[in-house]
There are 4 protein chains.
Amino acid sequence: MLKPTRFGIISRLDKEEALNLVIQVINYLESRGIDYLLERELYNTLKDKVDIRKYKGKVMEDLKDVSHMLSIGGDGTVLRTSRLIGGNEIPIISIDMGTVGFLTEFSRDGVFKAIDMVIKGNYEIEKRTKCACIVKIFNEEGCRNKSNYHQKMLPDALNEVVLITKNPAKMVYFEVYINGEFVEEVRADGLIVSTPTGSTAYSLSAGGPILEPSMDAFVVVPICPFKLFSRPIVVDGNSEIVIRILKKSVLVVIDGTVEETLKKGDEVILRKSDSYTYFVKGRKFYGKLKKLEDYNKKLIPSQV
Amino acid sequence: MLKPTRFGIISRLDKEEALNLVIQVINYLESRGIDYLLERELYNTLKDKVDIRKYKGKVMEDLKDVSHMLSIGGDGTVLRTSRLIGGNEIPIISIDMGTVGFLTEFSRDGVFKAIDMVIKGNYEIEKRTKCACIVKIFNEEGCRNKSNYHQKMLPDALNEVVLITKNPAKMVYFEVYINGEFVEEVRADGLIVSTPTGSTAYSLSAGGPILEPSMDAFVVVPICPFKLFSRPIVVDGNSEIVIRILKKSVLVVIDGTVEETLKKGDEVILRKSDSYTYFVKGRKFYGKLKKLEDYNKKLIPSQV
Amino acid sequence: MLKPTRFGIISRLDKEEALNLVIQVINYLESRGIDYLLERELYNTLKDKVDIRKYKGKVMEDLKDVSHMLSIGGDGTVLRTSRLIGGNEIPIISIDMGTVGFLTEFSRDGVFKAIDMVIKGNYEIEKRTKCACIVKIFNEEGCRNKSNYHQKMLPDALNEVVLITKNPAKMVYFEVYINGEFVEEVRADGLIVSTPTGSTAYSLSAGGPILEPSMDAFVVVPICPFKLFSRPIVVDGNSEIVIRILKKSVLVVIDGTVEETLKKGDEVILRKSDSYTYFVKGRKFYGKLKKLEDYNKKLIPSQV
Amino acid sequence: MLKPTRFGIISRLDKEEALNLVIQVINYLESRGIDYLLERELYNTLKDKVDIRKYKGKVMEDLKDVSHMLSIGGDGTVLRTSRLIGGNEIPIISIDMGTVGFLTEFSRDGVFKAIDMVIKGNYEIEKRTKCACIVKIFNEEGCRNKSNYHQKMLPDALNEVVLITKNPAKMVYFEVYINGEFVEEVRADGLIVSTPTGSTAYSLSAGGPILEPSMDAFVVVPICPFKLFSRPIVVDGNSEIVIRILKKSVLVVIDGTVEETLKKGDEVILRKSDSYTYFVKGRKFYGKLKKLEDYNKKLIPSQV
């Protein structure tokens, strides 16, 4: 961990305050003589705001050139950062802009302290499980002819893989298998397979339990199940989960991004990814639950 | 209720067994000398199956020509029947084909008995509340200029009005008002406003309570709310519920049919409809809950 | 409503600040020349704090002597006040001491304004449904010999009637009938029948929906049901709900007070009470939901 | 696993059919020349039914004398068997009598096949995590003087440890800590800490998720929480969970048996037990979920 530090920087581009924080951060890094690179789109956006030639930071051409990644924005930016990093072992320093964030470990005000911690090598890394997702697409609808399909690897999910009805308010029919054992037929708007990290995101809204982020597990949660017995199931992290579409078309949504459309007969195969997302650890987990509640409260105007 | 009976007949068209039951029913009606008319599409479909000229039944040109409507199929057929009947006071005799149905009052085997009950005038009518739905569409996105919008009346809902995100797995932001009082800001996949009749349909899957069908009430249920406090709210049937879209686009889905797309700033106004749907009463309500459970059970293969 | 006003005063006795507010209130009433009477226990408690002979207020010997009842404390005090008032049409002016309260309509700071409103006759009354509760106790365990039982009327419930296992963590078996129709067999820790007023109290914790207080309805909610299908059921306010104990002993708890122990075979009959509880209206209903959330938030130390 | 087999036998004593199955089992074992011993109470009960002197089976004086334990009854009998076995590595062959059982691996009809499997050494063992429970009782109420308490080890829980209000329908206040980190203050009727095995028992009724029995985890589930945000939390099996009573008295119930009464200030310390419960594996886990649903269905009379 004490190799020379070179930061990559990624930011939300549509928020002035995030870009302003990026500028403060690069000024700070320059003043301390620390190397950094900027994600291409961020570099191009900054050009319109500052005289970029005065800065030493160039475009980040290769992930191998950075030791740590500063992610400035919210949970969405962290998800984008994790996807960009892919299988590389680059820890993320995740900074929020004041809004709720289970994936952000540092507040805007803590950014310089976080940078200093990293420069000095005085920090902990938290390793987060990702969910690998393979789709098996049959060439004819409903066909299960074993030789007549193609497979496709989708990006790993840091939060969750969602299979959701392509036709809003129309149920989809799934079959769920865990380690080859048939679990149940689910009729629902959709189905979530969440990592522990994602258990406080979409899965929670759909009625799933909270999992400590360090757990080696996944949680399978139906969305508005017709079958009333359906309950969230927590499975071991080494399980293979297979979901077969029995009826209607579904979208495969990974960390909020639609990745694929599947039809009757197609399958999704989910298991733990070989790679992890690494976070420089800031806040305590249970403290974040409080943050979420605070934020919930702010949603209600104080007119009462 | 003892005026001469003339049945209208509507049926599911894509199920052979439903069409076969229609043929049995019209043979029975002919044998008893009872008048009937056939919904146009059903008439056309039957032409390919039987020598339709041998039958007295003609196409139903005007709802005013029928005293009762036989609906043969499942809950979907009943919803279609209720929509077709609109504001007319024509009782529905709802027949299912063996599958679960909260809206069907008679089983396939009970169809002749039901017809006899009606002919003799020996039956009860159950009057079901519908939800009227007006959308207020502003001409510019987000604009609340009071003079710059148009209103549109959508069909009444027998089960529910659903406002659901147009972008699967992306939250929508709503403001909910009841009788002019601000209730809460909801961030969710969607929002259901259900009649008592609909409380055992989509609303139940989203976590809503069961309401006795005779109640004068609506239930407001968020779908996968981000705000964890959000709970189903049961409001008086004379309430006016206004929902304003704060962010993103939503689809307005009435009884399972997409009717409209709304954008930021648009509003939906919901209240009790002036007209009702009338059912010839067959099964007892709480007995139907058992039916649902039985059906749920059938979803699980007996391989275990 | 413009008859001469004479307040009765009831208060929580174990909180210094509630008693202090009582003293402020009686000073205010004396200064305005308004008559008032004190509940006996409150009178006796005040004697130790002030020179009670200096005050005009006497012990309230008869409910008929008061036109309005000031209830100072929290929800518990309001429940006690409602029980004391019984079938008399005496509106309650409910004051809280800063803690959460769905039954309190005015805050400590609003007490004088509330009193003034009442003196001037410038206020609205909200009428709340209560639940009447009759227990039918058979002389032998499990016996259903119709002539061998006695009936007993318990106090009306403003919030809810709870039937709960006498043996913590051991399930009870119930049969539930609504208007003579069998609904289901419930195996659970207990069962709640809540008024609309009580829907934001214990019923909510057990998973029940929120009902607007003006509704004419009851909600039946199982507590930790073994049968996973069990859902809250909202029934019309004119329904008769009968619950039969099939196994084990249960306590009948009305508005938080244990009233009776029942055994196998005994029955509870619930219906709308002939009398109501009347409140002088202060806060708006949906605003109180916000109060509850605020309070929830305070439960979490700000150490994070 | 191929050491000479000697069965211990435990049974439910209050059901004739369980005792009859015991007799069939010992006849079978005698006919096959296999050794067995009978739990003392079972031995004494059998004496009144059969001429016990004709049998070779004696009273089981020491657990060390048996290689496997036959548990005949339902889940309650298995919990009693697990408690009796304590820290000994004796696999349980759990037989149900036709009623639902997540802890029973074999049906009544499969008992001889199960015995044969064991005799031949042709079986799998499933190792189940137990929860160890230490109570820390302070000598004065509410006191946290560190030197003024005593600790007590309660029996391990195979299913769950429940802390529940001693006063039915009155909330208890708890503080929950996980690995020294404060999680939240809970106001509820009680709190469940469940093993994966227990996740399909009481925890499920209180709203907890289903955990695969092989997981290394616990789930913390509040019972009727006042704080509506409260959600089930799944924690790593190596966590230490500490619960402090803030208000009122609670009962500590382990696998359905009341073990201790705690007062304000007292603490419960929960962690994984050093010992496990071992089961001879019969049914598949997800198949048992179906059994539960079947059973649920039977609770409803078919009168409808």
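Thresholds applied
- Residues numbered from 1 in each chain as written.
- Chains lettered and ligands numbered in written order.
- Predicted model: local features only at pLDDT ≥ 70, side-chain atom pairs only at ≥ 80, totals over all residues.
- Heavy atoms only, no water.
- Buried < 20%, exposed > 50% of the residue type's maximum accessible area, 1.4 Å probe, protein only.
- Helix = DSSP H or I, 4+ residues; strand = E, 2+ residues; numbered from the N terminus.
- Pairing = 2+ DSSP bridges.
- Right-handed = clockwise from strand over helix to strand, strands pointing away.
- Least-squares fit on C-alpha atoms with pLDDT ≥ 70 in both.
- Contact = heavy atoms within 4.5 Å.
- Domains from an automatic or database assignment.
- Buried area = accessible area lost by both parts, 1.4 Å probe.
- Salt bridge = Lys/Arg side-chain N within 4 Å of Asp/Glu carboxyl O.

(A) Structural detail: the pairing of strand β4 (residues 68–73) of chain C. All names here are of chain C. Burial analysis of β4 places six of its six residues in the buried class, the great majority of the element. The alternating pattern of β4 places His 68, Leu 70 and Ile 72 on one face and Met 69, Ser 71 and Gly 73 on the opposite face, and all of these are buried. Where strand β1 (residues 6–11) meets β4, five bridges bridge the pair, whose relative direction is parallel. Paired with Ser 11 across the bridge in β4 is Ile 72. In this structure, β4 lies alongside strand β5 (residues 92–96), joined through five bridges in parallel fashion. Considered in β5, the bridge of Met 69 is made with Ile 92. Traced from β4 through helix α3 (residues 75–85) to β5, the parallel crossover comes out right-handed.

(B) Layout of the sheet that holds strand β14 (residues 233–236) of chain D. Here seven strands make up an open sheet; going across it, the order is β12(A)-β14(D)-β13(D)-β11(D)-β8(D)-β16(D)-β17(D) and the pairing mixed. Only two strands of the sheet have a single partner each, and these edge strands are β12 (210–211) of chain A together with β17 (257–262) of chain D. Here strand β13 (residues 217–223) of chain D runs beside β14(D); their pairing, made up of four bridges, is antiparallel. Paired with D:Val220 across the bridge in β14(D) is D:Ile233.

(C) Quick peek at the relation of the copies chain D and chain A. Overlaying chain D on chain A yields an RMSD of 0.0 Å, the required transformation being a rotation through 180° with an accompanying axial translation of 0.0 Å. What the superposition gives is, in effect, a two-fold axis relating one chain to the other. When C-alpha distances to the rotation axis are compared across chain D, the minimum falls at D:Pro209, with a value of 3.3 Å. Interface residue correspondence from chain D to chain A reaches 100%, placing this contact among same-surface, isologous pairings.

(D) Geometry of the sheet that holds strand β8 (residues 160–165) of chain C. Read across the sheet, seven strands follow the order β12(B)-β14(C)-β13(C)-β11(C)-β8(C)-β16(C)-β17(C) without closing on themselves; strand pairing throughout is mixed. In the strand order of this sheet, the two ends are held by β12 (210–211) of chain B together with β17 (257–262) of chain C, each with one partner. Both β8(C) and strand β11 (residues 190–194) of chain C contribute to a ladder of five bridges, which runs antiparallel. Its bridge partner lying in β11(C), C:Val162 is registered against C:Ile192.

(E) Spatial organisation of the domain arrangement of chain A. Residue and element names in this part refer to chain A. Partitioning chain A into structural domains gives domain 1 (6–124 + 281–298) and domain 2 (130–274). Contacts between the two partners involve 10 residues from domain 1, matched on the other side by 15 residues from domain 2. Carbon and sulfur atoms make up 63% of the area that domain 1 and domain 2 hide from each other, which totals about 1000 Å². Applying the counting criterion to the domain 1 and domain 2 interface returns one salt bridge.

(F) Spotlight on unusual backbone geometry. For A:Asp255, which is not a glycine, the phi torsion comes out positive at approximately 50°. Tracing the backbone through its elements, the reader meets A:Asp255 in the loop between β16 (250–254) and β17 (257–262). With a phi close to 50°, B:Cys224 is a non-glycine residue in the positive phi region. Mapped onto the fold, B:Cys224 is located in the loop between β13 (217–223) and β14 (233–236).

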